[in-house]
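Each chain, written out:
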Amino acid sequence: MAKVGASGRYGVRYGRILRAKVNDIEKKQKSKQLCPQCHNKSVKRVSYGIWQCKKCNLKFSGKAYEV
Ligand SMILES: [Zn+2]
């Protein structure tokens, strides 16, 4: 079976451009975000729209894909 990648689940009908965008978003999701409180790059997405900083333990909600 060929590896489709993380964007495979979004289906093919969205087209190649959107899929490239989705890949970009997923890349962002995996990279750590800057914490608005302690300004460390230790913020990870814990669930949909919920972010948590590993340094100061700040938990906050944000946009689904970005802080
Ligand atoms: Zn923090």
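**Observations regarding the overall build of the protein**
A tally of regular secondary structure across the protein gives one helix and three strands. Burial status across the protein gives 21% buried among its 67 residues. With the model as given, the accessible surface of the protein reaches about 5300 Å², and the carbon-plus-sulfur share is 53%.

**Here's the deal with the coordination of the zinc ion**
Binding of the zinc ion to the protein goes through Cys35 (SG), Cys38 (SG), Cys53 (SG) and Cys56 (SG), at separations of 2.2 to 2.3 Å. Considering all four donor atoms around the zinc ion, angles at the metal cover 107 to 115° and the coordination shape is tetrahedral. Motif for the zinc ion, donor spacing along one chain: C-x2-C-x14-C-x2-C.

Rules used in this analysis
Residues numbered from 1 in each chain as written. Predicted model: local features only at pLDDT ≥ 70, side-chain atom pairs only at ≥ 80, totals over all residues. Heavy atoms only, no water. Helix = DSSP H or I, 4+ residues; strand = E, 2+ residues; numbered from the N terminus. Buried < 20%, exposed > 50% of the residue type's maximum accessible area, 1.4 Å probe, protein only. Areas by Shrake-Rupley, 256 points an atom, 1.4 Å probe, with all protein chains shown as cover. Donors = N, O, S within 2.8 Å, 3.2 Å for Na, K, Ca; no water. Tetrahedral: all angles 85-135°; square planar, octahedral: opposite > 155°, others 65-115°.

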